[in-house]
Amino acid sequence: MSNYSPKNRGRIIFVTAIITIIIFAVTLYSIQNPDVVKEIISDSSFDTSQDFIKFVDVGQADCAIIYSNGYCAVIDVGLASRVGDIENCLDEYNVESIDVAIISHLHSDHVGGLPKIANDYKIENLIMPPLKSNSITAAKNGKDTAIKSGTQVYDAESGMNFELGEFKITLLSGSNDEANENNRSLFVMAEIDDTNFLFTGDAETKVEKQLLNSGADIDCDILKVGHHGSDSSSSEAFLEAATPEYAVISVGESNMYSHPHDVTLRSLKTIGAEIYRTDKMGDITFDMTDNKIEIAQEKEQK
């Protein structure tokens with residue numbers, strides 16, 4: 001750098017610190033005020049050529065990476081045993097910090113990787129259902145690790161929303177069903193241009209019905225199929241309201257639960273959805289650059 005001196009370096013550090021404080025303040029305001037949608041990050045110095053959502057093959061578990069304008073969010077972080085697959089994907093895109101992590105619910109196949117992810121990457125903001133007295137250790141340790149590194153942690157509430165690059169992300173609903181952790185799953189809508197992605201965690205038909213009765217608009221182009229394709233989710237009424245063109249099932253190969261179930265596959269085919277499965281295709285990426293959907297899969301379907 002020309003005209004470099006310790007004095008100039010001090011000025012650079014000072015200016016960088018001020019910018020960091022401003023970004024943090026905007027981020028905090030945005031998430032804490034659900035009725036106000038603001039860009040969670042806005043810095044034109046980052047790469048603006050890529051907008052995509054990648055469903056990471058983490059076996060019988062869930063993880064999706066949202067990437068836009070050089071910024072990154074994750075929805076669920078899989079099992080502890082498969083966290084390496086997630087980190088490999090993050091490293092591929094030179095992700096050094098995660099702007100927002102959303103945990104749909106507190107089962108190990110969705111939150112198990114959080115302690116290591118929170119240790120290996122700075123998570124700027126973490127949104128998850130409130131912990132319960134019997135919540136699994138990974139959820140508690142992951143949250144504690146994140147807090148120690150300076151993460152802002154928020155209890156998930158319906159209506160929370162923020163913008164990440166070109167994506168607008170909204171929490172449509174969560175349930176307070178204390179007896180069934182699956183039914184505490186968050187419904188998350190990620191919108192970019194005219195394309196909607198709907199994430200459902202492991203929410204079962206009871207909660208799907210509650211969401212429909214609330215009047216929420218769940219029309220989507222890409223659906224992350226509930227509960228790994230179990231027949232406890234994806235009711236006909238829910239699918240008919242969602243009308244996805246593409247359905248992604250995050251599921252482990254030859255899993256003990258026989259997921260995805262035939263009834264779910266039939267229901268998806270009935271509504272005309274094109275089905276993508278991580279057990280057969282590996283990582284599945286929906287690239288949204290230039291307002292076009294381009295789909296890439298890691299391996300050819302068996």
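Up top is the structure.
Residues numbered from 1 in each chain as written. Predicted model: local features only at pLDDT ≥ 70, side-chain atom pairs only at ≥ 80, totals over all residues. Heavy atoms only, no water.

1. Some remarks on the side chain of threonine 195
This is how it is decided: Think of it this way: any DSSP run of H or I at least four residues long counts as a helix, any run of E at least two long counts as a strand, and we number them from the N terminus. Any residue under 20% of the maximum accessible area for its type is buried, any over 50% is exposed, and the rest in between are partly exposed; the area is computed with a 1.4 Å probe on protein chains only. In this analysis, two residues are considered to be in contact whenever any of their non-hydrogen atoms come within 4.5 Å of each other.
Structurally, the position occupied by threonine 195 is in strand S10 (residues 195-199). With a relative accessible area of 8%, threonine 195 lands in the buried category. In contact with threonine 195, not counting residues within four places along its chain, are Ala190, Asp221, Ile222, Met288 and Ile293.

2. Overview of unusual backbone geometry
Cis geometry is found at the peptide bond from histidine 259 to proline 260, where omega equals -5 degrees. Tracing the sequence through the fold places proline 260 in the loop between strand S12 (246-249) and helix H8 (262-270). Positive phi, close to 50 degrees, is recorded for histidine 227, a residue that is not glycine. By the element assignment, histidine 227 lies in the loop between strand S11 (222-224) and helix H7 (236-242). Judged by relative accessible area, which is 14%, histidine 227 ranks as buried.

3. Observations regarding the pattern of salt bridges
Short version of the rule: We define a salt bridge as a side-chain nitrogen of Lys or Arg found within 4 Å of a carboxyl oxygen belonging to Asp or Glu.
As enumerated under the stated definition, the model contains 9 salt bridges in all. In this structure, the salt-bridge partner of aspartate 62 is lysine 224, at a minimum N-O distance of 2.8 Å. Taken together, the residues aspartate 62 in the loop between strand S1 (51-55) and strand S2 (63-68) and lysine 224 in strand S11 connect sequence positions 162 residues apart. Both residues of the pair, aspartate 62 and lysine 224, belong to the buried class. One salt bridge connects glutamate 124 with lysine 122, and the closest N-O pair in it is separated by 3.7 Å. Take lysine 122: its relative accessible area is 29%, and that puts it in the partly exposed class. Residues joined by salt bridges that share partners form a network here, namely Glu87, Lys116 and Asp120.

4. Describing empty space enclosed by the protein
This is how it is decided: As defined here, a cavity is a set of points on a 1 Å grid over the protein atoms alone where a 1.4 Å probe fits but cannot get out. A pocket is an open set with protein on both sides within 12 Å along at least five of seven lines, and residues line them when an atom is within 4 Å of a point. Grid points are joined across faces, edges and corners, and a volume is the space filled by probe spheres set on the points.
According to the stated counting rule, one finds 1 cavity of 30 Å³ or more in the structure shown. By volume, the largest cavity amounts to about 90 Å³. Along the wall of the largest cavity there are 13 residues; nearest its centre are Asp62, Ile75, Asp76, Phe199 and Lys224. Those elements that place two or more of their residues in the lining of the largest cavity are S2 and strand S3 (71-77).

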